[in-house]
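# Observations on chain architecture
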Amino acid sequence: MVKLGIMSFAHMHAYSYAACVNAMPDVELTAVWGYNLRRAKQAAQQFNARFVKDVNEFLALDLDGVIICAENTRHHALVELAASAGKWILCEKPLAPESSEAKRIVKICERERVGLGTAFPCRFAPSLMAARDQLQAGDFGDIYAVTATNHGQFPGGWFAVPEWSGGGAVMDHTVHVADLLRWMLGREFTSVYCEGGNQLHQGEIDVDDLGSLHLEMEGGIQVQHLASWSRCRSFPTWGDVTLEFIGSKGVLNVDAFNQKLTVYSDAARKAEWAPFGDNPDFGLVREFVTSIQEARDPSPNGIDGLRATEITVAAEKSMRTHRVVKL
Amino acid sequence: MNVAIIGCSGMGRVHADALTKAGLRVALCVDTVRANAEALAKAYGAKVAASAAKAMTAKDIDAVLIATPTPFHLEYILKAAKAGKHIFCEKPFCRTEAECKEAIAAAKKAGVKLFVGHVVRYFHEFEAMKAQVESGKIGKPGFVKISRGGIFPGGPKSWFANYKMSGGVTLDCMIHDLDWVRYVFGEPVRIYGKALMRSGKEPMDYSQVTMRLKSGLIATIIGTWAHPAGFRVQAEICGDGGMVQYDSADAPMSSMKRETGSGPSMIVPASPVSESPYQREWEDFAAWVRDDRAPRVTPEDGMIAVRMAEAALESSATGKPVRL
């Protein structure tokens, strides 16, 4: 039995990870800790885990690994504690809002010889895995250009408070696609230009809610990506992850979460999309468990998290300076 | 009103139908490929001429349609203006902003009307989107994305594959959306772009452009001549109170022909309207000529659209954003 703990339910993904853990017969959600005691206690109850008030007491438990779902600017401190206690770590994305913090997180885990994974569940979405296989098999020849989106609804709460989130939609919704493209095309990004800002929530929040990024990858692949919280409240779903690959042998389009029913409910007063198919979080948590059993880094690892952070930091710099930033 | 058509292939044919429906008459067809001119003339009961000079000297010609490859637009505009003919010029207006300026000056001097066919301003779906924005239903708009394109036009030997002539998908196709965004949302201040522009046996162009407007709005426009087949337009406008989306693949008709053999078939969507946008731009042009009613597109609009496309291409070449 692999024993896991969750540190903080500040990020809503924690609820999905907890449900995934509970669905695995060989894994146990042993304990929950959080800065917000009430929220952590409730979550512990909801998922039949032990609630522990004190973080040192929590880390003294016989846990094989922890999943960190605190606010972005708290990742670094929690990784330090968990790594020092010898726990395997799966950290919510972005690994950290600043490159220096992300680097320190990677270093700490190397030093303490614990595995470190970054929570990029898109790598476990079947459509994106199939797309990667086809791209790597050369079905679309050489890839010349990519157009991507990761739109979402405004998540609210600490996501728009810079001291907790460390950034806005450009950070929140660039990391997934940046990681996916590195993984699918096996190349690194070399530069980024970003036009962005608070386009749709003026007077409401103090961070950017949209960025249009123009990036280049090794080999000169031209990439355009939209990171946003532009989906309004009446939109039928949370958002999207889409990718269009222009290759010498054809075009590949992925709309990763376009497995849905359209539901019209008078009670909801809007049309809604009900998803079906696999939950990518399950694959992410399963990989974390396997990495513990095999005493290795989970994939995607800390370096993957660091690279994604470096790209968002460069995009934010470009957004301020209106210049292309080299990576 | 009698119209001479200069350039009788692709767009010339579309315009012949549209201007006839708008109540004008195809009187003369000119093309360097005589068979093209003859075919079109036959269909519309028009005369044929080997050179454009005939269109300029013929007394019964009131207006000239220029539907040649882009680099020849200026030459014919200058000739037609000199001959006192009104001018309907297919977009892009000219190959460069400087040429556009020269064309505008010549038309002004000659006192002839000069119209640039930015037909997307007349498309029903784009009119409907503009109306939604203006109704305030989506709140204050802050972001627009438009994608347009499909297969590379005209095959590898066509003039479109000569990017010096055509300017690729950015100047020839995306210019529609550059113009429309400016028409609805105002002046651009900064443009960044990247265009693929692959030549050779299988030419391919794919252009990604982002602009910041004076109003603060961000517009991202994708133009493709890199798809193996088809043509599709998608648009979305996001405001602080909602959003509006359009997709040409969502159409009242779609068809798929049974192909012999095992080759791929393509679903072709169709969205018929009783009055085509091309007919509507001819009606606008005719009303300008006849009644001096200001048209929806001015030659200055056409020139600024060319300037925007040039800025996107300059950005692509230098790797830096271009200020306007």
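Keep in mind it's a predicted model, so treat the numbers as computed, not measured.

For chain B, the helix and strand inventory stands at 11 helices and 15 strands. Relative to a compact globule of 324 residues, whose C-alpha radius of gyration would be 20 Å, chain B shows 20 Å and is just as compact. In terms of overall dimensions, chain B has a C-alpha envelope of 55 × 55 × 40 Å along the principal axes. For chain B, with 324 residues in total, the buried portion stands at 55%. Only carbon and sulfur atoms are counted for the fraction: they give 53% of the accessible area of chain B, which is about 14,000 Å². For chain B, the centre of its 42 positive side-chain charges and the centre of its 34 negative side-chain charges are spaced 3 Å apart.

On to the nonpolar core. One finds Phe-93 and Phe-185 of chain B to be the most contacted residues of the largest nonpolar core, which totals 64 residues. For this core, the leading source of residues is helix α11 (residues 299-318) of chain B, giving seven residues. Two domains each donate at least three residues to this core, and these are domain 1 (2-117) and domain 2 (124-271 + 302-323) of chain B. Apart from the residues lying within four places of it in its own chain, the contact partners of Phe-93 of chain B are His-73, Ile-77, Cys-100, Ala-103, Ile-104, Leu-114, Val-116, Pro-299, Gly-302, Met-303 and Val-306 of chain B. Cys-20, Leu-63, Val-66 and Phe-288 of chain A belong to the second-largest nonpolar core, a separate cluster that totals 57 residues.

On to the interface of chain A and chain B, then. Each partner contributes to the interface: chain A provides 33 residues, whereas chain B provides 34 residues. Here chain A packs against chain B, burying approximately 2,700 Å² in sum over the two surfaces, 58% of which is carbon and sulfur. Taken together, the links from chain A to chain B amount to three salt bridges. Of the charged contacts, one joins Glu-195 of chain A and Arg-190 of chain B as a salt bridge, the two residues approaching to 2.5 Å between their closest N and O atoms.

On to the layout of surface pockets. Looking at the second largest pocket, its volume works out to about 310 Å³. Lining the second largest pocket are 16 residues, with His-201, Arg-231, Cys-232 and Arg-233 of chain A together with Asp-240 of chain B sitting closest to its centre. Here the lining of the second largest pocket gets three residues from one element, more than from any other, and that element is strand β10 (residues 221-231) of chain A. Each residue belonging to the lining of the second largest pocket can be placed in one class, and the counts come to four nonpolar, eight polar and four charged.

Moving on, we come to the domain arrangement of chain A. Residue and element names in this part refer to chain A. Here the domain parsing of chain A yields domain 1 (2-119) and domain 2 (123-280 + 309-326). A straight line from the C-alpha centre of domain 1 to that of domain 2 covers 25 Å. Taken together, the contacts link 20 residues of domain 1 with 16 residues of domain 2. Surface buried jointly by domain 1 and domain 2 totals about 1,400 Å² across both partners, of which 58% is contributed by carbon and sulfur atoms. The salt bridge involving Lys-93 is made with Asp-172; its shortest N-O contact spans 2.6 Å. One can count seven residue pairs in polar contact (both at pLDDT 80 or more) joining domain 1 with domain 2.

All names here are of chain A. Direction vectors running N to C along helix α6 (residues 126-136) and helix α9 (residues 175-185) enclose 40°, while the axes themselves pass 9 Å from each other. Judged by the inter-axis angle, α6 sits oblique to α9. Between α6, through Leu-128, Met-129, Ala-131, Arg-132, Leu-135 and Gln-136, and α9, the contact on the second element is made entirely by Leu-180, Trp-183, Met-184 and Leu-185. Per-class residue counts for the contact of α6 with α9 are eight nonpolar, one polar and one charged.

Here we take up the side chain of Thr-147 of chain A. On the secondary structure map, Thr-147 of chain A appears in strand β7 (residues 143-153). When sequence neighbours within four positions are dropped, the list of residues in contact with Thr-147 of chain A reads Gln-224, Thr-242, Leu-243 and Glu-244 of chain A together with Lys-145, Tyr-206, Gln-208 and Ile-222 of chain B.

Another point: the sheet that holds strand β1 (residues 2-7) of chain A. Residues and elements named next belong to chain A. Reading across from one edge, β3-β2-β1-β4-β5-β6 is the order of the six strands in this open sheet, with parallel pairing throughout. Taken across any chain shown, the strands that pair with only one partner, and hence form the sheet edges, are β3 (50-51) and β6 (116-119). Contacts between helix α1 (residues 13-22) and the sheet are confined to β1, β2 (27-33), β4 (65-68), β5 (88-92) and β6, with β2 contributing the most and set at about 145° to the helix.

This part is about the domain arrangement of chain B. All names here are of chain B. What the domain assignment lists for chain B is domain 1 (2-117) and domain 2 (124-271 + 302-323). One C-alpha centre belongs to domain 1, the other to domain 2, and the line joining them spans 26 Å. Between domain 1 and domain 2, the residue contacts involve 15 residues of the former and 15 residues of the latter. Taken together, the connections running from domain 1 to domain 2 amount to two salt bridges.

Our focus in this paragraph is the side chain of Ser-207 of chain B. Residues and elements named next belong to chain B. Of note, Ser-207 is situated in strand β9 (residues 205-213). By relative accessible area, which is 1% here, Ser-207 ends up buried. A distance of 2.8 Å separates the side chain of Ser-207 from the side chain of Thr-170, its partner in a polar contact.

All names here are of chain B. Strand order across the open sheet formed by six strands is β3-β2-β1-β4-β5-β6, with parallel pairing between neighbours. Looking at which strands have only one partner, the edges of the open sheet turn out to be β3 (47-49) and β6 (114-117). For this sheet, the mean inter-axis angle between neighbouring strands, taken without regard to orientation, is 25°. Where strand β5 (residues 86-90) and β6 come together, four bridges link them in parallel fashion. Each bridged residue has a counterpart across the sheet, and for Ile-87 the counterpart in β6 is Leu-114.

With that out of the way, let us pick up the packing of helix α1 (residues 10-21) of chain B against helix α10 (residues 277-291) of chain B. All names here are of chain B. Remark: α1 packs on α10, axes separated minimally by 8 Å, with the N-to-C direction vectors making an angle of 65°. The crossing of α1 and α10 is right-handed. On the side of α1, the interface is formed by Met-11, Val-14, His-15, Ala-18, Leu-19 and Lys-21, while α10 contributes Tyr-278, Gln-279, Glu-281 and Trp-282. Looking at side-chain class alone, the contact of α1 with α10 contains six nonpolar, two polar and two charged residues.

The rules behind each value
Residues numbered from 1 in each chain as written. Chains lettered and ligands numbered in written order. Predicted model: local features only at pLDDT ≥ 70, side-chain atom pairs only at ≥ 80, totals over all residues. Heavy atoms only, no water. Helix = DSSP H or I, 4+ residues; strand = E, 2+ residues; numbered from the N terminus. Rg over C-alpha atoms; globule rule 2.2 N^0.38 Å. Buried < 20%, exposed > 50% of the residue type's maximum accessible area, 1.4 Å probe, protein only. Areas by Shrake-Rupley, 256 points an atom, 1.4 Å probe, with all protein chains shown as cover. Lys, Arg positive; Asp, Glu negative; His and termini not counted. Charge placed at Lys NZ, Arg CZ, Asp CG, Glu CD. Core = buried A, V, L, I, M, F, W, Y, C linked by side-chain atoms within 4.5 Å. Domains from an automatic or database assignment. Contact = heavy atoms within 4.5 Å. Buried area = accessible area lost by both parts, 1.4 Å probe. Salt bridge = Lys/Arg side-chain N within 4 Å of Asp/Glu carboxyl O. 1 Å grid on protein atoms, 1.4 Å probe; cavity = no way out; pocket = protein on both sides within 12 Å on 5 of 7 lines; lining within 4 Å. Points joined across faces, edges and corners; volume = space filled by probe spheres on them. Nonpolar A, V, L, I, M, F, W, Y, C, P; charged D, E, K, R; others polar. Polar contact = N/O pair within 3.5 Å; in protein donor to acceptor, adjacent residues only side chain to side chain. Axes fitted to C-alpha atoms, helices over the stretch in contact; angles between N-to-C directions. Parallel < 35°, antiparallel > 145°, perpendicular 65-115°, else oblique. Pairing = 2+ DSSP bridges. Left-handed = near helix turned anticlockwise from the far one by under 90°.

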